[in-house]
Amino acid sequence: VGASWLLERESFLAALCEAQRQVQGGSGRLVFVVGEAGVGKTALVRRFCSDATDMRVLEGACDALFTPRPLAPFADVAAETGGPLAELIARDARPHEVLAALTDELHRRQTVLVLEDLHWADEATLDVLRLLGRRVKASSALVIGTFRDDELHAAHPLRLVMGGLAAAPGVERISVPPLTLDAVRELATAHDVDVEELFARTRGNPFFVTEVLAEATRPFPRRSGTRCSLARPV
Ligand SMILES: Nc1ncnc2c1ncn2[C@@H]1O[C@H](COP(=O)(O)OP(=O)(O)OP(=O)(O)O)[C@@H](O)[C@H]1O
Ligand SMILES: [Mg+2]
């Protein structure tokens, strides 16, 4: 992700920096970065992490599988850290055991822990998240969880977790909106496209905007009717 040219994200980066300051002052934080698919959650978090050079960054992601790996994002983290956390995950430990090892690991160094795509989280991951969220203030970590809020149907288990954490101390939520017409115009500079139409068709979703612009830039072969295709590859 080309993070240096993110448009209209200054206030969200500032909010993440403020959370980081709180963590460095001794009070852990859990920040959920939410928004529709392709709105720029990952780009925002990567940009923040690449600036947060004074903290260790550990990252794990959930997978779009019908049978997700149990504890998938924590297994990613454990592959990085090794130690007791890795041993516990290798032997399918219970969520509270994983939480204890994770908490110890987070206490070793000031850490940004990124948990990506929680809308795909398995149940064990959600249990760890729930336990971690309740105690995050004492954890000395900045935990950042991302998820697509347009994919949370009414009975989605992540909704329950979010509800349970809504009033927990140190937990907050950043909603990332699509880009404005001005930002879309800036992205379309040097492209021969109708900006108003581009904005109307993409609703300012940066993933769609960049896809359409890439397609519009490709000289040939250009099949008729595909120029502004908004079909999203699955
Ligand atoms: N603020 C921005 N300014 C310009 N381009 C952006 C911005 N945010 C994202 N993009 C572009 O949009 C693409 C999609 O962004 P990103 O992958 O971060 O979305 P996402 O919200 O994480 O999507 P998903 O829900 O699929 O994980 C990026 O590759 C980047 O090129
Ligand atoms: Mg993403």
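Look up: the structure comes first, before these words.
Predicted model only: the values in this text are computed from it and were never measured.

About the thresholds
- Residues numbered from 1 in each chain as written.
- Chains lettered and ligands numbered in written order.
- Predicted model: local features only at pLDDT ≥ 70, side-chain atom pairs only at ≥ 80, totals over all residues.
- Heavy atoms only, no water.
- Disulfide = S-S within 2.5 Å.
- Core = buried A, V, L, I, M, F, W, Y, C linked by side-chain atoms within 4.5 Å.
- Buried < 20%, exposed > 50% of the residue type's maximum accessible area, 1.4 Å probe, protein only.
- Helix = DSSP H or I, 4+ residues; strand = E, 2+ residues; numbered from the N terminus.
- Contact = heavy atoms within 4.5 Å.
- Pairing = 2+ DSSP bridges.
- Axes fitted to C-alpha atoms, helices over the stretch in contact; angles between N-to-C directions.
- Parallel < 35°, antiparallel > 145°, perpendicular 65-115°, else oblique.
- Left-handed = near helix turned anticlockwise from the far one by under 90°.
- Nonpolar A, V, L, I, M, F, W, Y, C, P; charged D, E, K, R; others polar.

1. Section: the state of the cysteines
Inspection of the entire model under this criterion finds 0 disulfides. Cysteine Cys62 shares no disulfide, and the gap to the nearest cysteine sulfur, in Cys49, comes to 16 Å.

2. Overview of the nonpolar core
Among soluble globular proteins, nonpolar side chains are generally buried collectively. In this structure, Phe32, Leu113, Leu118, Leu129 and Leu158 are the most contacted members of the largest nonpolar core, which totals 39 residues. Those elements giving two or more residues to this core turn out to be β1 (29-35), α3 (72-81), α4 (83-90), α5 (95-108), β3 (111-116), α6 (123-134), β4 (141-148) and α7 (157-165). Leaving out residues up to four positions away in the same chain, Leu158 has contacts with Leu118, His119, Leu126, Leu129, Phe147 and Leu152. Counting 20 residues, the second largest nonpolar core, distinct from the first, contains Val31, Val45, Val114 and Leu142.

3. Here's the deal with the pairing of strand β2 (residues 56-61)
Burial along β2 is one-sided: the residues Arg56, Leu58 and Gly60 are buried and none of Val57, Glu59 and Ala61 is. Summarising the sheet, β2 and β3 pair through 6 bridges and their orientation is parallel. Counterpart to Arg56 in the pairing with β3 is Thr111.

4. Focus: the packing of α3 against α4
Closest axis-to-axis distance for the α3/α4 pair is 8 Å, and the angle between their directions is 135°. Relative to α4, the element α3 lies oblique. Along this stretch, α3 crosses α4, giving a crossing that reads as left-handed. Where α3 approaches α4, its residues Phe74, Ala75, Val77, Ala78 and Thr81 are matched on the opposing element by Gly83, Leu85, Ala86 and Ile89. Its residues assigned to classes, the contact of α3 with α4 comprises 7 nonpolar, 2 polar and no charged.

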